[in-house]
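# Working through the structure, step by step
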Amino acid sequence: MNFSLSEEQNQIRDSIARFVQENYAFDQRNAVVAQEHGFSAQHWQQFAELGWLSIPFAEEHDGFGGGPVDTMVLMQEFGRGLVAEPYPATVLLFGGLLQEGASEAIKGEYIPKIIAGELQGAFAYLERQSRYVMTDIATTAAKQGNDWVLNGEKTVVLNGGAASKLIVAARTAGEQADESGITLFLVDAASDGIERTTYRMTDGQEAANITFNNVSAEAVIGSEGEGSTVMTPVVDAAKLAVCANALGAMESLNAQTLEYCKTREQFGVAIGSFQALQHRMVDTFSACENVKSLLYRAVCAAQDNGEDALRSLLALKVMVGRAGKLIGGEAIQLHGGMGMTNELSVGFYVKRLMIINTLFGDADYHQQLFAKLVNAPAEAASAAKAEAA
Amino acid sequence: MHTRLSEEDLAFQAEVREFLGEAWTSELAATCGNKATMKEGHEEWQRRLYKKGWMAPHWPVEHGGTDWTVTQSFIYNQERASAGAPEAIPFGVTMVASVIIAYGNDEQKAKFLPRILKSEDWWCQGYSEPGAGSDLASLKTRADLDGDEYVINGSKIWTTYAQHANWIFCLVRTDNSGRKQEGITFLLIDMKSPGVTVRPIDTIDSFHHLNEVHFDNVRVPVANRIGEEGKGWTYAKSLLVQERLSIAEVADSKRGLARLREEAREEVNGGRSLLDDPLFAKRLTDIEIELMALEFTELRALASIAEGKEPGPESSLLKLQGTEIQQAIQELRMDVAAYYSGTFQGDLSAQALGHDYAGAAQQSYFRGRASSIYGGSNEVQKNITAKYVLGL
């Protein structure tokens, strides 16, 4: 057992921390977010040169061959600086799905382009009616000759404006919310029949609603009807990664709030000397440590593909959602009127944490999945057996 | 970063399970669980631990400890708790022993440590006083030097198991002139000394564990003083850290929660198991998620101690969160017991009143109210965290 980072992981962390320090001061970040698509193409090239875009990919496709701990380190540091570049959308989701399910030919063609910073991608899974059930898909794909033709609408496609390629989850069989019968398609975003409406999320990132009107797909990713088996491990890995991102944001936000309470004076003393405020800051510190503990737990379990992997991932997503709201809410409150302004970055951190809560399903949704898992007689029995064995 | 168990760890786990299977018998569990025989029961359990060499795993090997790794300590504790076996009563082996090992002289080590290992002495802790609770440093019990003896006058309160103890470790005041943290001295006092009286305190859990201990001109040899006169606060503080780590009882809460789940599964309300009640499921899983986090907070603290570092800031949260979780489990178990949680169990067979766990649920609920008070109340823990961790 060991919770230390390797030499290589420390280097990744340090180099991202340096990047954040040099490029992500408050005004710099505002300038980045104001650019087209909400991020800096120049930063993206820098990520490519520094090798960050290669981290989760297999070595045979020019990747670094990193695991969950490497992704955690990177995403946590990105979270601290509220980095706006679309790493989760392009690398973790779009790239992750290619790596998990695409043919060797497609991997060989596209993964090196992602790593080189030449390709932006997005994963279009959500629909207006789906809420948090990722398999609730009404978009259809039907075979016409050799082509698959898509019809339907996808919503809140993160990085959906900048992406030149999309992976689209569509129904090819079964009922609307069935887990089977979903197929993933690689689609060129410039195809005929695609209409994109782009907009910004509250944290500045760009998303799109995309309609598909008889759009021909470029390729099937994974097997027909088996899209869920490709999506599940990729989305689970992305959940871990966004939770690491949330931890970085929480740590930064707590540090900013603490600093403010030590310097802001009222009634002739620093407001941090008031016990009512001190106890609230202990609560937010405590929430942040809980997130860190569950993140380490879930990352270690994912790395070993252990029995605890799903259980600790679900617990983590619940905790991140709840702790994010607590820490965000307290940060605004303890900053007083200044917490309401856009002159400080507090609000931007709060918004990022709120978006991470909803991403892939919020705390309540994940708690229901968690309860179903741990209360199932089989699970309880096998846990009891494992303890007694 | 990883949490894999090595081959050696797995072999150790098998050894622990084998030992527990043989040594922690249902007869012994019954003896420990009965109010009238708990002392004999715990002493017998501790003798079995001693025979195995596991009475004091955290001590240095030269004094009879083990050289377990962090992972092994963790495995032992998980297995012990999941078998339902208790920790050794902490006042001797965990608390006073850590002070004797760190600050005692050779004679004190030779005299007391072997007796603690063999459970020949039962220790209690003389810290709190009627006027010194969470504000421990306000203590007033006096020790006046008279030749080579101190003469002790004053009272200690909330002294757990003083009725069983033959030794008490005490903080006493030897000087009033400076800051209240100065002038405190750490003494070991024989409970059979003339002038020591123990009075039971009747508590809401109907179980005699708390006492008042009164000292009326009790003479204590200077040889029973730990370290220097007036330095007792420093020694006591090191012990408080140990105490707070052990109060968290993470592994025991895991077992308590698993048991609660199975009790709830059997409870049927309107034809539906309590586990399928969404409000109940929410409360149960709220606790479980917090506990899963705390388990790793503890592991993080242990791992950093093992690397020779001070435990990180996260360890200050263990007492706070550990006791909140214990109380949440106790409260939920009372709710599972429904009407029977309110039946006064007394000495009646619990079964006769409806639920075999209702009596235990009730006792641990009321007894458990103390956990957020002792070892420094949870509000004081927040003050400590704010001051020393957050720098406020």
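These numbers were taken from a predicted model, which means no experiment stands behind them. (Residues numbered from 1 in each chain as written. Chains lettered and ligands numbered in written order. Predicted model: local features only at pLDDT ≥ 70, side-chain atom pairs only at ≥ 80, totals over all residues. Heavy atoms only, no water.)

### What about the overall build of chain B?
Within chain B one finds 12 helices and 10 strands. Taken over C-alpha atoms, the radius of gyration comes to 22 Å for chain B, in line with the 21 Å a tight globule of 392 residues would show. In terms of principal-axis extent, the alpha carbons of chain B reach across some 75 × 50 × 50 Å. Within chain B, counting contacts between residues at least 6 apart in sequence, those at least 24 apart form 70% of the total. Accessible surface, chain B: about 17500 Å² in total, of which carbon and sulfur atoms supply 51%. When the 42 positive and 56 negative side-chain charges of chain B are each reduced to one mean point, those points stand 3 Å apart. (Helix = DSSP H or I, 4+ residues; strand = E, 2+ residues; numbered from the N terminus. Rg over C-alpha atoms; globule rule 2.2 N^0.38 Å. Contact = heavy atoms within 4.5 Å. Areas by Shrake-Rupley, 256 points an atom, 1.4 Å probe, with all protein chains shown as cover. Lys, Arg positive; Asp, Glu negative; His and termini not counted. Charge placed at Lys NZ, Arg CZ, Asp CG, Glu CD.)

### Quick look at the overall build of chain A
Scanning chain A from N- to C-terminus turns up 12 helices and 10 strands. Over its C-alpha trace chain A gives a radius of gyration of 21 Å, about what one expects of a compact globule, namely 21 Å for 389 residues. Seen through its principal axes, chain A has C-alpha atoms that stretch 80 × 60 × 40 Å. Taken across its 389 residues, chain A has 57% of its residues classed as buried. Across chain A, contacts joining residues at least 24 apart in sequence account for 73% of those joining residues at least 6 apart. Accessible surface, chain A: about 15600 Å² in total, of which carbon and sulfur atoms supply 50%. For chain A, the distance from the average site of its 28 positive side-chain charges to the average site of its 47 negative ones is 6 Å. (Buried < 20%, exposed > 50% of the residue type's maximum accessible area, 1.4 Å probe, protein only.)

### With respect to the nonpolar core
If you look at the biggest cluster of nonpolar residues, it comprises 107 residues, and the most contacted ones within it are Leu98 and Phe123 of chain A. Per-element tally for this core: the top contributor is helix H7 (residues 227-263) of chain A, with 15 residues. In this structure, leucine 98 of chain A is in contact with Ile106, Lys107, Tyr110, Ile111, Ile114, Ile167 and Ile221 of chain A, ignoring residues within four places of it in sequence. In terms of nonpolar packing, the next biggest core, distinct from the first, is built from 71 residues, Phe12, Val16, Leu20 and Trp45 of chain B among them. (Core = buried A, V, L, I, M, F, W, Y, C linked by side-chain atoms within 4.5 Å.)

### Some points on the packing of aromatic side chains
Per the stated rule, a full pass over the model turns up 34 aromatic pairs over all chains. Considering the side-chain rings of phenylalanine 47 of chain A and phenylalanine 78 of chain A, the 5.3 Å spacing of their centres and the 20° angle between planes classify their relative orientation as stacked. Taken together, the positions of phenylalanine 47 of chain A in helix H3 (residues 41-50) and phenylalanine 78 of chain A in helix H4 (residues 68-81) put the pair 31 residues apart, joining distant regions of the chain. This pair shows no difference in class: phenylalanine 47 of chain A is buried, exactly as phenylalanine 78 of chain A is. Plain terms: the ring middles of tryptophan 122 of chain B and tyrosine 161 of chain B are 5.9 Å apart, the flat faces sit at 90° to each other, and that makes the pair edge-to-face. Placement of tryptophan 122 of chain B in the loop between helix H6 (106-117) and strand E1 (123-126) and of tyrosine 161 of chain B in the loop between strand E3 (149-157) and strand E4 (167-173) is noted, with a sequence separation of 39 residues between them. The same class applies to tryptophan 122 of chain B as to tyrosine 161 of chain B, namely buried. Through pairs of rings, three or more aromatic residues link up here, namely Phe19, Tyr24, Phe39, Trp44, Phe47, Trp52, Phe78 and Tyr87 of chain A. (Phe/Tyr/Trp six-rings, centres within 6.5 Å; stacked < 30°, edge-to-face > 60°.)

### Re the interface of chain A and chain B
Residue-level contacts link 46 residues of chain A with 45 residues of chain B. Both faces combined, the contact of chain A with chain B buries some 4200 Å², and carbon together with sulfur accounts for 59% of it. Between glutamate 295 of chain B and arginine 297 of chain A there is a salt bridge whose closest N-O contact spans 2.9 Å. Listed by contribution, the elements that provide at least two residues to the side of chain A that touches chain B are H4, H7, helix H8 (275-304), helix H9 (309-334), helix H11 (363-375) and helix H12 (377-388) of chain A. For the side of chain A that touches chain B, a count of residues per class yields 23 nonpolar, 13 polar and 10 charged. (Buried area = accessible area lost by both parts, 1.4 Å probe. Salt bridge = Lys/Arg side-chain N within 4 Å of Asp/Glu carboxyl O. Nonpolar A, V, L, I, M, F, W, Y, C, P; charged D, E, K, R; others polar.)

### Structural notes on the packing of helix H1 (residues 7-23) of chain B against helix H4 (residues 70-83) of chain B
All names here are of chain B. In contact at an axis separation of 10 Å, H1 and H4 are set at 30° when each is read in the N-to-C sense. Taken as axis vectors, H1 and H4 run roughly parallel relative to one another. Relative to H4, the crossing made by H1 is right-handed. Along the contact surface, H1 presents Asp9, Phe12, Gln13, Val16, Arg17 and Leu20, while H4 presents Thr71, Gln72, Ile75, Tyr76, Glu79, Arg80 and Ala83. Taken together, the residues of the contact of H1 with H4 break down into six nonpolar, three polar and four charged. (Axes fitted to C-alpha atoms, helices over the stretch in contact; angles between N-to-C directions. Parallel < 35°, antiparallel > 145°, perpendicular 65-115°, else oblique. Left-handed = near helix turned anticlockwise from the far one by under 90°.)

### Quick look at the domain arrangement of chain A
Residue and element names in this part refer to chain A. Taken domain by domain, chain A holds domain 1 (7-120), domain 2 (122-225) and domain 3 (229-376). The straight-line distance from the C-alpha centre of domain 1 to that of domain 3 is 22 Å. At the interface, 22 residues of domain 1 touch 29 residues of domain 3. A buried area of about 2000 Å², summed over both sides, lies between domain 1 and domain 3, and 74% of it is on carbon and sulfur atoms. The tally of links between domain 1 and domain 3 comes to one salt bridge. Notably, a salt bridge pairs glutamate 251 with arginine 80, separated by 2.6 Å at the nearest N-O pair. Seen at the junction of domain 1 and domain 3, the total is six residue pairs in polar contact (both at pLDDT 80 or more). Breaking the side of domain 1 that touches domain 3 down by element, the ones donating at least two residues are helix H2 (26-34), H4 and helix H5 (87-101). Ranked by residues supplied to the side of domain 1 that touches domain 3, first place goes to H4 with 10 residues. Considering only residue class, the side of domain 1 that touches domain 3 consists of 12 nonpolar, seven polar and three charged. (Domains from an automatic or database assignment. Polar contact = N/O pair within 3.5 Å; in protein donor to acceptor, adjacent residues only side chain to side chain.)

### What to know about unusual backbone geometry
Residues and elements named next belong to chain B. Positive phi, close to 60°, is recorded for tyrosine 161, a residue that is not glycine. Of note in this structure, alanine 338 is not a glycine but carries a positive phi near 50°. Here alanine 338 is to be found in the loop between helix H10 (316-337) and helix H11 (358-368).

### Here we look at the pattern of salt bridges
Residues and elements named next belong to chain A. One pass over the structure, following the stated rule, counts 45 salt bridges over all chains. Of the charged contacts, one joins lysine 107 and glutamate 104 as a salt bridge, the two residues approaching to 3.5 Å between their closest N and O atoms. Placement of the pair is lysine 107 and glutamate 104 together in helix H6 (residues 104-115), with a separation of three residues, close to one helical turn. Taking the relative accessible area as the measure of exposure, glutamate 104 reaches 48% and is therefore partly exposed.

### With respect to the pairing of strand E4 (residues 165-171) of chain A
All names here are of chain A. Of all seven residues making up E4, seven are buried, and the element is well covered by its neighbours. Residues of E4 alternate between two faces, with Lys165, Ile167, Ala169 and Arg171 on one and Leu166, Val168 and Ala170 on the opposite face, all of them buried. By the bridge criterion, four bridges tie strand E1 (residues 121-124) to E4 in an arrangement that is parallel. Across the sheet, residue alanine 122 finds its bridge partner in E4, namely leucine 166. Looking at chain direction, E4 and strand E5 (residues 182-188) are connected through seven bridges and run antiparallel. Counted as the bridge partner of leucine 166 is valine 187 from E5. (Pairing = 2+ DSSP bridges.)

### Quick notes on the environment of glutamine 28 of chain A
Residue and element names in this part refer to chain A. Tracing the chain through its elements places glutamine 28 in helix H2. Sequence spacing of glutamine 28 and alanine 177 is 149 residues, and the spatial spacing of their C-alpha atoms is 43 Å. If we ignore the near neighbours within four places in the chain, the residues touching glutamine 28 are Glu22 and Asn23. Polar side-chain contacts of glutamine 28 include one of 3.4 Å to the backbone nitrogen of tyrosine 24. Looking at glutamine 28, its side chain comes within polar contact range of the main-chain nitrogen of alanine 25, at 2.9 Å.

### Concerning the side chain of glutamine 108 of chain B
Residues and elements named next belong to chain B. Locating glutamine 108 in the fold gives a position in helix H6. By relative accessible area, which is 3% here, glutamine 108 ends up buried. Sequence-distant contacts of glutamine 108, that is, excluding residues within four places in its chain, are made with Ile100, Leu113, Ala223, Asn224, Arg225 and Ile226.

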